[in-house]
Structure formats: C-alpha cells, structure tokens
Amino acid sequence: MLKWDGHTHTQFCYHGSDAPLEQYIEQAIAQGFQRYSVTEHPPLPTGWVNDKRLFDELGMPEHELNDYMDYVLKLKKRYEGQIEITVGLELDYLHDNQEYTDKLVTAWGHVLEDVVYSVHFLPGEDGNYCIDFTADDFKSNLLRYYDSIDVLVDLYFDHVELAIEQAGRLPMRTRIGHINLIRKFQKHLPTFNEKQFQIRLEGLLPLLQKHGVGVDVNIAGFRVASCEQEYVPQWFIKRCIELDIPVVYGSDAHKPEQVGLYWDWFEQATSTS
Ligand SMILES: [Zn+2]
Ligand SMILES: [Zn+2]
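Not measured: the values here are computed from a predicted model.

1. With respect to the UniProt feature "domain: PHP" (unreviewed entry) in the protein chain
Mapped onto the present numbering, the UniProt feature "domain: PHP" (unreviewed entry) falls at residues 5-218. Along residues 5-218 the backbone is 43% helical and 18% strand, and the end-to-end C-alpha distance reaches 10 Å.

2. A short note on the coordination of the zinc ion (ligand 1)
Of the protein atoms, only H15 (NE2), H41 (NE2) and H254 (NE2) coordinate the zinc ion (ligand 1), at distances of 2.0 Å. Between the donor residues of the zinc ion (ligand 1), the gaps in sequence give the motif H-x25-H-x212-H. A gap of 5.4 Å separates the zinc ion (ligand 1) and the zinc ion (ligand 2). Of this pair, H15 sits in the loop between β1 (4-5) and α1 (21-30) while H41 is found in the loop between β2 (35-40) and α2 (52-58), placing the two residues 26 residues apart along the sequence.

3. Details of the coordination of the zinc ion (ligand 2)
Coordination of the zinc ion (ligand 2) by the protein is provided by E90 (OE), H120 (NE2) and H178 (NE2), with metal-donor distances spanning 2.1 to 2.3 Å. Counting the intervening residues between successive donors of the zinc ion (ligand 2) yields the motif E-x29-H-x57-H. Relative accessible area serves as the criterion here: at 1%, E90 is assigned to the buried category. A relative accessible area of 6% places H120 in the buried class.

4. Some remarks on the state of the cysteines
By definition, a disulfide is the covalent link that joins the sulfur atoms of two cysteine residues. Scanning the entire structure with this criterion turns up zero disulfides. The structure places no disulfide on C13, whose sulfur is separated from the nearest cysteine sulfur, that of C130, by 12 Å. Overall, C130 belongs to the buried group, its relative accessible area being 2%.

5. So, the pattern of salt bridges
Tallied over the entire structure, the rule returns 13 salt bridges. We note a salt bridge from D102 to R169, for which the minimum N-O separation is 3.6 Å. Here R169 lies in the loop between α6 (149-168) and β7 (173-176) and D102 lies in helix α4 (residues 98-108), a separation of 67 residues in the sequence. By relative accessible area, D102 is classed as partly exposed at 25%.

6. Concerning α4
Taken residue by residue, α4 has Q98, Y100, T101, L104, V105 and W108 as its buried positions. When α4 is viewed along its axis, its buried side chains cluster within an angular range of 165 degrees and face the same direction. What points out from α4, more than 90 degrees from its buried face, is the exposed set E99, K103 and T106. Its buried side turned inward, α4 meets α3 (65-78), β3 (84-92), β4 (114-118) and α6.

7. Focus on the nonpolar core
The nonpolar side chains of a soluble globular protein tend to be buried with one another. Y36, V215 and F236 are the most contacted members of the largest nonpolar core, which has 95 residues in total. Once residues within four sequence positions are removed from consideration, V215 is found in contact with R175, I176, L208, V232, F236, C240, I245, P246, V247 and V248.

8. What about the environment of I176?
Mapped onto the elements of the fold, I176 is located in strand β7. Put simply, I176 and Q186 are ten residues apart on the chain and 21 Å apart in space, counted from C-alpha to C-alpha. If we ignore the near neighbours within four places in the chain, the residues touching I176 are Y117, V160, A163, I164, L208, V213, G214, V215 and D216.

9. Details of the packing of aromatic side chains
Taken as a whole, this structure holds 15 aromatic pairs when the rule is applied. Between the aromatic rings of W48 and F121, the centroid separation amounts to 6.0 Å while the plane-to-plane angle is 80 degrees, which identifies the pairing as edge-to-face. Highlighted residues: W48 in the loop between β2 and α2 and F121 in strand β5 (residues 121-124), separated in sequence by 73 residues. Here W48 matches F121 in class, with each residue buried. For the pair F222 and W265, a centre-to-centre distance of 5.2 Å together with 75 degrees between the ring planes defines the contact as edge-to-face. Placement of the pair is F222 in helix α8 (residues 220-223) and W265 in helix α10 (residues 263-270), with a sequence separation of 43 residues.

10. Regarding the layout of surface pockets
A probe as big as a water molecule, rolled over the atoms, marks out the empty space that is left. Each pocket or cavity is described by its volume, and for the largest pocket that value is around 570 Å³. Along the walls of the largest pocket sit 27 residues, with H15, H41, D132, K184 and H254 positioned nearest its centre. Of all the elements in the fold, those that place two or more residues in the lining of the largest pocket are α2, β3 and α8.

Conventions we followed
Residues numbered from 1 in each chain as written. Chains lettered and ligands numbered in written order. Predicted model: local features only at pLDDT ≥ 70, side-chain atom pairs only at ≥ 80, totals over all residues. Heavy atoms only, no water. UniProt positions renumbered as here; feature names shortened; annotations may be inferred. Helix = DSSP H or I, 4+ residues; strand = E, 2+ residues; numbered from the N terminus. Donors = N, O, S within 2.8 Å, 3.2 Å for Na, K, Ca; no water. Buried < 20%, exposed > 50% of the residue type's maximum accessible area, 1.4 Å probe, protein only. Disulfide = S-S within 2.5 Å. Salt bridge = Lys/Arg side-chain N within 4 Å of Asp/Glu carboxyl O. Arc of directions from axis to C-beta. Contact = heavy atoms within 4.5 Å. Core = buried A, V, L, I, M, F, W, Y, C linked by side-chain atoms within 4.5 Å. Phe/Tyr/Trp six-rings, centres within 6.5 Å; stacked < 30°, edge-to-face > 60°. 1 Å grid on protein atoms, 1.4 Å probe; cavity = no way out; pocket = protein on both sides within 12 Å on 5 of 7 lines; lining within 4 Å. Points joined across faces, edges and corners; volume = space filled by probe spheres on them.

What follows is the structure, given as structure tokens:
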C-alpha cells in the first residue's frame, strides 16, 4: 500500500499553526510517506457565516489563493524524488452556493490533483453555522433550531450525499471529507441513534461507487477530546474496500506534529487479513 497522507493543512490556514509547510513535509518524509496531499481550506463567499471573526478564521482571503498554489507547486518541485507532493484543496460543500465552489475549480482545476470535499456547515435560523466549531455553538445555533439531534443528523447526511454528487463532477481525484464530522462533539450532545448512522452511512456506498468518489479516512476525531473516535468506522472502511471505493488516510494535520498520527490504526483497519 502506498503510504499516503491525503488531507493536510498549511500556514495558509487561519485556525491552525503558522509553521511553514516544509516542516510538515519533513515530518512526512521522516515517517516514510511516499505521497503527501496538501489540501488547504479555500476562501469562502463573503458573509458565509455571520460571525466576522469566525469567518476570518475559516478560510484564507481570496487574494491569497494564488500565493498558496504557487507555494505548493514550488515545494512539489523542490521535494521531487523524495516525496510526491500533490496540490489540493479541502473544498466546502456550500449549500445553495455551488457557483462559488465551481468558480474556484474552474480557475484552478488545471493545477489541482486532489480534492477533499467536506460538509462543515448547516443552515440555521439566520445563516450558516459550523458543525465543528464548538459544542456550545452547535447546541445554541443548530440543535436548538432543529430541536432534534436525529433531524440534524439526517440533514447532515442529506448534504453529504449532495457533496458526493458535486465531487463526482470534478475531474481530479476526490474524496468525501470526514464523513462523521457531525459526531465531533458527541460527548456533549444528546445520544446519537446508532441505527440511523448505520443506515445513512450504508446509503452513501452506492453513491460513492456511482460518482467515483473516495473516502477521506480522517483520524482527527481521535485527537478531539469531545469525540475520541475515528470519523470513519471500521466496518464502513471494509465495505468500501469490498466495493473498490478508494479509502485514503487523512491526518488532517493542522500542525507539523500531527502528520502521520494513527497511521498504524489505518493500516490495521485496511488490512484484509
Ligand atoms: Zn481546518
Ligand atoms: Zn475539514
């Protein structure tokens, strides 16, 4: 199996570390990674979330996207022969604003090799809210509005399904990001209905197959104290492998020291024996 980290961030992320990408890549090389996909959060449409301070942290400003691409391309060249760096983005599924993401892809599709397509937002009473910002924000702006965790989970998976369709239209390698992100604050939320998760996850399998989209086996859930669980369950990984749906490890590193975390778990989860 190719040792590949398919989901990582850089200093162009405003809620991560300002350590330069070189430090992440050196970590990856030291751990024997052969391919390393740089998948930064892109800019978002102005006012996508109401909270201006949060908005500024979610994605880089539009004028930096060019610098980001240049920088990753430069490092791709510099590390050639040591590790394969691939140029990517973690695109957001923007409900009702698909044109924004389409424009990014039109502008950069010729450079992009890897896209992680993620659902980070759900609509609330007066705009969009992050499902992964804080437990309190989740409770007061999403849970209170929908008044039921089951309704919220269903809506989340409806959006994941739409995201898979959107990802399937893109020409480069695509993976659906951290499919169980809605569980990030699970320890602070009403109990989830496990049967519902199983049904909704199973429902994704034929869609992933049909649209040729892979799965970001994102291990960041392990590092989050309110989650302490993988975002992609092992049974789901096994089903993907049986159905030839690509499963790619994703450290979702927002700091150099997070590169490669839980690789052993991934290796074990994907071993067919
Ligand atoms: Zn991030
Ligand atoms: Zn993400």
